[in-house]
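# Coordinate inspection notes
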Amino acid sequence: MKKILICGGHLSPALATIEELKKHKDVEITFVGRKHATEGSRENSAEYTVIGKMGIPFYEITAGRLQRKFTPKTLPSLVKVPIGLTQAFYILAKIKPNIVVSFGSYVSAPITAAAAALNIKSVIHEQASIPGLATKINAKVAKKVFLTWPQSKKYFPNENSTVIGNLTRDLDAKTPKDAKIKKFLNGENFLLFMGGSQGSHIINNLAFEFVRKFKNYKIVHLL
């Protein structure tokens, strides 16, 4: 049995990867991420909710966000760094994965760092054209960095970076939900709004405005 640990905050490409991995019966998947949507929030994160419904073991990690500017949250975040590393070592020692797959975000940093210390291989997939700080840090110890955009190569000049594009899920009407979505989109004019894993407040508000103004279009709002 091959054990694959997936971590990070970019949920959509992570789900696409999980969708493919679940086709292999000899693969065991574990997910490590944040339980709450944002710091100080009591709402469950998208990854905690979705991964839980898929029956995949979910491990919460208390990671510290590395900030470029000093704010009231800077010191509390720094305190969380050693906590997150301790949790990461515990999770990896318990699961003993063959490989770690990181999808960015500050929650992936302690897992990738601990994996390097324990001599566990890790790979990264970066979705943004300008990579975040966590990905830049993780790339220093990762075996391979997979990029969505060719322009991102300048941030990872080493031979271990490869452009493969973004990872997307199949919409093949195999499930009632997929069939319903496909029927909804088929042959119609529609507008797609999408932001990050937690969505964008500005984009979300704009989508609601378009619902009122573009009555001849079907609005698809992806959060």
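Preceding this section is the structure that the text describes.
Criteria and thresholds
Residues numbered from 1 in each chain as written. Predicted model: local features only at pLDDT ≥ 70, side-chain atom pairs only at ≥ 80, totals over all residues. Heavy atoms only, no water. Helix = DSSP H or I, 4+ residues; strand = E, 2+ residues; numbered from the N terminus. Buried < 20%, exposed > 50% of the residue type's maximum accessible area, 1.4 Å probe, protein only. Contact = heavy atoms within 4.5 Å. Phe/Tyr/Trp six-rings, centres within 6.5 Å; stacked < 30°, edge-to-face > 60°. Polar contact = N/O pair within 3.5 Å; in protein donor to acceptor, adjacent residues only side chain to side chain. Patch = residues over 30% accessible without salt bridge, like charges linked within 9 Å, V, L, I, M, F, W, Y side chains within 5 Å. Areas by Shrake-Rupley, 256 points an atom, 1.4 Å probe, with all protein chains shown as cover. Salt bridge = Lys/Arg side-chain N within 4 Å of Asp/Glu carboxyl O. Pairing = 2+ DSSP bridges.

### Some details on the overall build of the protein
Counting its regular elements, the protein contains seven helices and nine strands. When the 223 residues of the protein are sorted by exposure, 35% land in the buried category. Nonlocal contacts in the protein, meaning residues at least 24 apart in sequence, comprise 57% of its contacts between residues at least 6 apart.

### Focus: the packing of aromatic side chains
Applying the stated criterion across every chain, the model contains two aromatic pairs. Aromatic side chains Phe31 and Phe58 sit 5.7 Å apart centroid to centroid with 15° between the ring planes, which places their arrangement in the stacked category. Taken together, the residues span a long stretch of sequence, with Phe31 in strand β2 (residues 27–33) and Phe58 in strand β3 (residues 58–60) at a distance of 27 residues. Assessed through its relative accessible area of 1%, Phe31 is described here as buried. Owing to a relative accessible area of 18%, Phe58 belongs among the buried residues under this scheme. Ring centres of Tyr48 and Phe58 lie 5.1 Å apart, and the angle between their planes is 85°; on these two criteria the pair is classed as edge-to-face. In this pair, Tyr48 sits in helix α2 (residues 46–53) while Phe58 sits in strand β3, placing the two residues 10 residues apart along the sequence. Among the residues examined, Tyr48 registers a relative accessible area of 29% and is labelled partly exposed. Among the aromatic side chains, those forming a connected cluster through ring pairs are Phe31, Tyr48 and Phe58.

### Observations concerning the side chain of Ser102
By secondary structure assignment, the location of Ser102 is in strand β4 (residues 99–103). Looking at Ser102, its side chain comes within polar contact range of the side chain of Ser108, at 3.4 Å. Apart from residues lying up to four places away in sequence, Ser102 is in contact with Cys7, Ser108, Thr112, Val123, Ile124, His125 and Asn138.

### Structural notes on a nonpolar patch on the surface
Nonpolar side chains collect at one region of the surface, where Phe190, Leu192 and Met194 lie side by side and expose about 290 Å² of accessible area between them. Structurally, the position occupied by Leu192 is in strand β8 (residues 190–194).

### Describing the pairing of β4
Of all five residues making up β4, four are buried, and the element is well covered by its neighbours. In the sheet, strand β1 (residues 2–8) pairs with β4 via five bridges, with the strands oriented parallel. Its bridge partner lying in β4, Cys7 is registered against Ser102. The sheet contact formed by β4 and strand β5 (residues 121–126) spans four bridges and is parallel. When the sheet's bridge partners are listed, Val101 is paired in β5 with Val123.

### Some details on the pattern of salt bridges
Within this structure, the stated rule accounts for two salt bridges. Residue Lys23 is joined to Glu20 by a salt bridge in which the shortest nitrogen-to-oxygen separation is 3.0 Å. Its relative accessible area of 37% is what places Glu20 among the partly exposed residues.

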